[in-house]
Amino acid sequence: MERRKFIGTAGAGMAGILAAGSAPAFAQGGPEIKWRLASSFPKSLDTIYGAAEVMSKRVAASTGGRFQIQVFAAGEIVPAFGVVDAVQNGTVQAAHTAPYYFWGKDAAFALDTAIPFSLNARQTNAWQIFGGGNELFDEFYKSYNIYRVACGNTGAQMGGWFRKEIKTPEDWKGLKFRIGGFAGKVIEKMGGVPQLLPGGDIYPALEKGTIDAAEWVGPYDDEKLGFNKIAKYYYYPGWWEGGPQLVCYFNQAEWAKLPKEYQSIVEAACAEGNVWMLAKYDAQNPAALKRLVAGGTQLRAFSREIMVASYKAALEVYKETMDKSPAFKKIYESMVKFREDQLLWFRVAEKGYDDFMHTIQTIK
């Protein structure tokens, strides 16, 4: 759909409008609209929560304040995991969330955020904008009374915080591990006990021993949440989230009522939020990781044995899931086919460049 390709450059156009100091003429004469948006995240996590605010502020500025979207943190209107139902039934007009929280409704939800060993952030954008991903999700969400637009990505995440070292696949057995989304099925396949908790509930669960280990996003957020005070070992990579995407959900009926110009502004504003979140995490994670390591955090890489075993377990889970969910099968197969060429390309130019750049500190 051409409107989907439009949003990739629309954010720059909106920035130009604001630089000129006024909203476009059509917006100045547009209707006054006020919406509520329910986030799945607490305000304290300013980056993952903040993308919705970036979007909201851009919409208001681009319409001369005539279209207002007020952002509410998790729990202020509905709980973190209640936002899909709230959008569907019209309690709120919009939400900002990670779709994989709702894979229990249909496993296909998970593909709109991340599943183990899927795509990185750039590959996700490429697949959705140019590989048919957006069209597949548009089709899927119709039955849920939802229209969705990408609005954020964390980039590849960390593998989480552990009280003891995880050296072999057997170490997953019996481990109560807070993990988001569909990846819990893979942890379960390897003998672990997945626990899905909102960001604000992880620390007390880890502190009390209700869970043995936990993952969230990366150094910047994890430091804010204080996990390093409880668990010593910090693992990478988060193989279940190579490029997890956040989205804005809109009630379809309310979306359809918007003037086309307002719809375009919202999509452009979401595109800005998408870029903003990834850029902010990339800017803040390095310093946070240095602080954590300086404070005693033990950085560990998952062994190749663990990575291979996890990948094989994921393939088993995907086969079982495709047998149960036609929507998951259709979207998953599209993603995997697109991934094949992406991996070949990234292995050539991107990896070649990155591998050398990682050595320059040793060159005198």
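Residues numbered from 1 in each chain as written. Predicted model: local features only at pLDDT ≥ 70, side-chain atom pairs only at ≥ 80, totals over all residues. Heavy atoms only, no water.

Caption draft 1: Examining the packing of aromatic side chains more closely. Within the structure shown, the criterion is met by 37 aromatic pairs. For the pair F117 and Y311, a centre-to-centre distance of 5.2 Å together with 90° between the ring planes defines the contact as edge-to-face. Of this pair, F117 sits in the loop between β3 (94–97) and α5 (121–130) while Y311 sits in helix α12 (residues 304–324), placing them 194 residues apart in sequence. For Y311, a relative accessible area of 35% puts it in the partly exposed group. One aromatic cluster in this structure is built from F41, F81, Y100, Y101, F102, F109, W127, F137, F140, Y141, Y144 and Y249. (Phe/Tyr/Trp six-rings, centres within 6.5 Å; stacked < 30°, edge-to-face > 60°. Helix = DSSP H or I, 4+ residues; strand = E, 2+ residues; numbered from the N terminus. Buried < 20%, exposed > 50% of the residue type's maximum accessible area, 1.4 Å probe, protein only.)

Caption draft 2: Representation of the layout of surface pockets. There is about 1500 Å³ of room inside the largest pocket. Along the walls of the largest pocket sit 37 residues, with N120, A156, P237, G242 and D354 positioned nearest its centre. Those elements giving two or more residues to the lining of the largest pocket turn out to be α5, α11 (260–294), α12 and α13 (326–357). Considering each element in turn, the lining of the largest pocket owes the most residues, eight residues, to α13. (1 Å grid on protein atoms, 1.4 Å probe; cavity = no way out; pocket = protein on both sides within 12 Å on 5 of 7 lines; lining within 4 Å. Points joined across faces, edges and corners; volume = space filled by probe spheres on them.)

Caption draft 3: Fine view of the sheet that holds strand β11 (residues 298–301). Pairing within the open sheet is mixed, and its six strands lie in the order β7-β6-β8-β5-β9-β11. The sheet is open, and its two borders are formed by β7 (193–195) and β11, each paired with just one other strand. Relative to β7, strand β6 (residues 176–178) runs parallel, the two sharing three bridges. Across the sheet, R178 pairs through a bridge with Q195, a residue of β7. (Pairing = 2+ DSSP bridges.)

Caption draft 4: Quick peek at the confidence of the model for the chain. Confidence in the prediction of the chain, expressed as mean pLDDT, is 93, and 92% of residues score 70 or more. Across residues 9–21, confidence stays below pLDDT 50; counting only partners more than four residues off in sequence or on other chains, it has 13 contacts. (pLDDT = per-residue confidence, 0-100. Contact = heavy atoms within 4.5 Å.)

Caption draft 5: How the structure looks around the pattern of salt bridges. Taken as a whole and judged by the stated rule, the model has 18 salt bridges. As a salt-bridge pair, K105 and D85 come within 2.8 Å of each other at their nearest N and O atoms. With K105 in the loop between β3 and α5 and D85 in helix α4 (residues 83–88), this residue pair connects regions lying 20 residues apart in the sequence. Look at D85 and you get partly exposed, because its relative accessible area is 38%. We note a salt bridge from R291 to E223, for which the minimum N-O separation is 2.7 Å. With R291 in helix α11 and E223 in helix α9 (residues 219–225), this pair connects stretches of sequence that are 68 residues apart. Of the residues examined, R291 reaches a relative accessible area of 44% and is grouped as partly exposed. The partly exposed category is assigned to E223, whose relative accessible area is 25%. By sharing partners, the salt bridges in this structure join K189, E316 and E320 into a single network. (Salt bridge = Lys/Arg side-chain N within 4 Å of Asp/Glu carboxyl O.)

Caption draft 6: Up close: the sheet that holds strand β4 (residues 146–153). Pairing within the open sheet is mixed, and its five strands lie in the order β2-β1-β3-β10-β4. Every other strand in the sheet has two partners, leaving β2 (67–72) and β4 as the edge strands with one partner each. Along the sheet, successive strands turn relative to each other by an average axial angle of 25°, direction set aside. Against the sheet, helix α6 (residues 133–141) engages β4 and β10 (245–251), with an angle of about 135° to β4. (Axes fitted to C-alpha atoms, helices over the stretch in contact; angles between N-to-C directions.)

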